[in-house]
Structures are given as C-alpha cells and as structure tokens.
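Descriptive structure summary
Residue strings, one per chain:
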Amino acid sequence: MTTSPPGPIILPPLLATYVEATNSFDLDGLLATFADDALVNDQLRDHWGKTEIREWADRDIVGKKLTLDVTDVIEHYGNFVVTAKVDGNFDKRGLPSPFVLALYFTVKENKIVQLMILPSGADV
C-alpha cells in the first residue's frame with residue numbers, strides 16, 4: 001500500500017484528469033476517462049457502460065456542480081483510493097461537514113474500468 005507523502009497530493013494522470021473534468025463540469029472530458037464498458041457504483045446504484053455513466057455524470061456530477069477537493073490518494077495492488085471533500089448543489093441535510101467520499105478506482109489500459117463511491121470515515 002502506498003499513501004500520499006506529506007505535501008501536495010499527486011494523482012496519477014488519469015485520475016487527475018477525472019478530478020479536473022469533474023471540477024470544471026466537463027462532461028465529455030469526464031467520460032473520456034472511462035472504458036466503454038466501465039462500471040460506476042454511486043449511492044449503491046450501478047451505472048454500466050458509457051451511456052448510463054453519461055446520464056449519471058450529467059445528472060449527479062455536472063448537474064449538481066459537484067466538486068472534489070482531494071485530501072489523499074492510496075495505491076493498493078494497482079487500484080487507487082482517492083479521498084476527497086465534496087461540495088456542490090445537492091441536499092446536504094444530515095450529511096457531515098465536511099462531506100468526505102472515498103472513490104475506489106480500478107484502471108486498465110489507461111481507462112477507468114470501475115469506480116465505486118462510498119462515504120469515507122476518514123478524518124480530514
């Protein structure tokens with residue numbers, strides 16, 4: 001397991017592109033990071049393939065102006081866990097502040113093939 005050293009968080013280029021596209025509400029840039037048959041699981045719902053991922057990202061990322069402030073990245077057996085403070089135009093009632101998510105990325109051939117998004121219990 002490799003965790004981020006002290007100082008600025010350095011993401012692998014593909015994940016940096018994912019975060020940059022998310023934070024700039026760039027739907028096409030975001031989709032370009034995924035394999036055609038990728039799986040995203042967010043809020044315990046599966047989104048298979050680029051058509052469903054586009055609908056999810058348009059509604060829940062771009063549509064809600066979601067932003068990620070990355071606080072940590074861990075490489076674990078070729079997978080990556082990115083912890084980030086999340087903000088945007090979504091219902092925050094009952095959520096902790098800051099709201100922190102763990103994004104579990106599986107990458108193959110420089111594309112995201114699986115992304116699982118879960119609340120993080122990490123102290124920020």
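Analysis parameters
Residues numbered from 1 in each chain as written. Predicted model: local features only at pLDDT ≥ 70, side-chain atom pairs only at ≥ 80, totals over all residues. Heavy atoms only, no water. Salt bridge = Lys/Arg side-chain N within 4 Å of Asp/Glu carboxyl O. Helix = DSSP H or I, 4+ residues; strand = E, 2+ residues; numbered from the N terminus. Buried < 20%, exposed > 50% of the residue type's maximum accessible area, 1.4 Å probe, protein only. Pairing = 2+ DSSP bridges. Core = buried A, V, L, I, M, F, W, Y, C linked by side-chain atoms within 4.5 Å. Contact = heavy atoms within 4.5 Å. Polar contact = N/O pair within 3.5 Å; in protein donor to acceptor, adjacent residues only side chain to side chain.

**Some details on the pattern of salt bridges**
- Going through the model one piece at a time under the given rule, you end up with seven salt bridges.
- Here D28 makes a salt bridge to R54, at a shortest N to O gap of 3.1 Å. You can see D28 sitting in helix α2 (residues 27–31) and its partner R54 sitting in helix α3 (residues 49–62), a full 26 residues away along the chain.
- Classification of D28 as exposed rests on a relative accessible area of 52%.
- Looking at R54, the relative accessible area reads 36%, which means it is partly exposed.

**Focus: the pairing of strand β3 (residues 45–48)**
- Here strand β2 (residues 34–42) pairs with β3 via four bridges, running antiparallel. Bridge pairing in β3 links L39 to W48.
- In textbook terms, the turn of a hairpin is the stretch between consecutive antiparallel strands, and for β2 and β3 this stretch comprises two residues, one of which, Q43, has a positive phi near 55°.

**Details of the nonpolar core**
- In terms of nonpolar packing, the biggest core is built from 35 residues, with Y18, F34, W56, L103, F105 and L115 touching the most fellow members.
- Those elements giving two or more residues to this core turn out to be α1 (13–23), α2, β2, α3, β4 (67–76), β5 (79–87), β6 (99–108) and β7 (111–119).
- In terms of residue count, α1 provides more of this core than any other element does, six residues in total.
- In this structure, L115 is in contact with Y18, F34, L39, V40, N41, W56, L103, Y104 and F105, ignoring residues within four places of it in sequence.

**A word on the side chain of T33**
- Tracing the sequence through the fold places T33 in the loop between α2 and β2.
- Here T33 falls in the buried class, since its relative accessible area comes to 2%.
- A distance of 2.6 Å separates the side chain of T33 from the backbone oxygen of L30, its partner in a polar contact.

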